[in-house]
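Below, each chain spelled out in residue letters.
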Amino acid sequence: MDFYDVINNRRAVRRYKEGTINDEVLKRIMEATRRAPSWANRQCWRFILIKDREIMMKLGQMRSYRPDISCYEKAGAIAVACADPSASGEMNGKQYYMLDTGIAMEHLILAATAEGLGTCWIGAIDEQPIKQLLHIPDQYRVIAFAPIGYADEQPPLRDRLPLDEIFHINKW
């Protein structure tokens, strides 16, 4: 898939067809995630790829809001993004671990899209129960997670602000 097609085809998918994802496909997605840039190349992120349905269902129950649990019943996997804040940089009061992990997560989401899979970035989570469930070390923060699977819906393209409201040339 052409890079711009990947960007234009990416959607937040919340309903999936039941099925597993080929391990080679998952490996390509993980490799694309690993290639994400980070502050001073510190790579503060760590991911947990969950394929066990029981764990996926428990994870789905730990969201801060619950509009639809069905994606955890059928998605092929869930990627949980974690980060060690001390392993990233800070400058002028800005901690970069969130940005570093966000970039890596976006690599994962775009790679999954290129593979013909759907994803949904989920950040409204209850961190402590997730850390306990997945045995995540104390120094790591759970940033977000994303179900990955074959879409059972085609969400419409959502509106975006016009370019002239987003980009300013040479000055505001």
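Residues numbered from 1 in each chain as written. Predicted model: local features only at pLDDT ≥ 70, side-chain atom pairs only at ≥ 80, totals over all residues. Heavy atoms only, no water.

Peer 1: Give me the lowdown on the pattern of salt bridges, citing residues and values where you can.
Peer 2: Tallying each qualifying case throughout the model produces 7 salt bridges. Between R15 and E153 there is a salt bridge, with the nearest N and O atoms lying 3.4 Å from each other. Of this pair, R15 sits in the loop between α1 (3–9) and α2 (23–34) while E153 sits in the loop between β6 (141–149) and α7 (163–166), placing them 138 residues apart in sequence. A salt bridge links K51 to D23, with the nearest nitrogen and oxygen atoms 2.7 Å apart. Taken together, the residues span a long stretch of sequence, with K51 in the loop between β1 (45–50) and α3 (53–60) and D23 in helix α2 at a distance of 28 residues. Take K51: its relative accessible area is 45%, and that puts it in the partly exposed class. (Salt bridge = Lys/Arg side-chain N within 4 Å of Asp/Glu carboxyl O. Helix = DSSP H or I, 4+ residues; strand = E, 2+ residues; numbered from the N terminus. Buried < 20%, exposed > 50% of the residue type's maximum accessible area, 1.4 Å probe, protein only.)

Peer 1: I'd like a description of the packing of aromatic side chains, backed by residues and values.
Peer 2: By convention here, two paired aromatic rings are described through the distance between centres and the angle between planes. In the structure shown here, the tally under the stated rule is 3 aromatic pairs. Ring geometry for Y72 versus F145: centroids 6.2 Å apart, planes at 70°, classification edge-to-face. Highlighted residues: Y72 in helix α4 (residues 70–74) and F145 in strand β6, separated in sequence by 73 residues. Of the two residues examined, Y72 and F145, each falls in the buried class. (Phe/Tyr/Trp six-rings, centres within 6.5 Å; stacked < 30°, edge-to-face > 60°.)

Peer 1: Before we move on, can you summarise the nonpolar core with the specific residues and values?
Peer 2: With 21 residues, the main nonpolar core has I78, V80, I130 and F145 as its most contacted residues. Elements represented by at least two residues in this core include exactly α3, α4, β2 (77–83), α6 (127–134) and β6. No other element matches β2, which puts 3 residues into this core. In contact with I130, not counting residues within four places along its chain, are L59, M62, I125, I136, V142 and F145. With 19 residues, the next largest nonpolar core counts C44, M105, L108 and I143 among its residues. (Core = buried A, V, L, I, M, F, W, Y, C linked by side-chain atoms within 4.5 Å. Contact = heavy atoms within 4.5 Å.)

Note that all results are geometric; they support no functional claim without further evidence.
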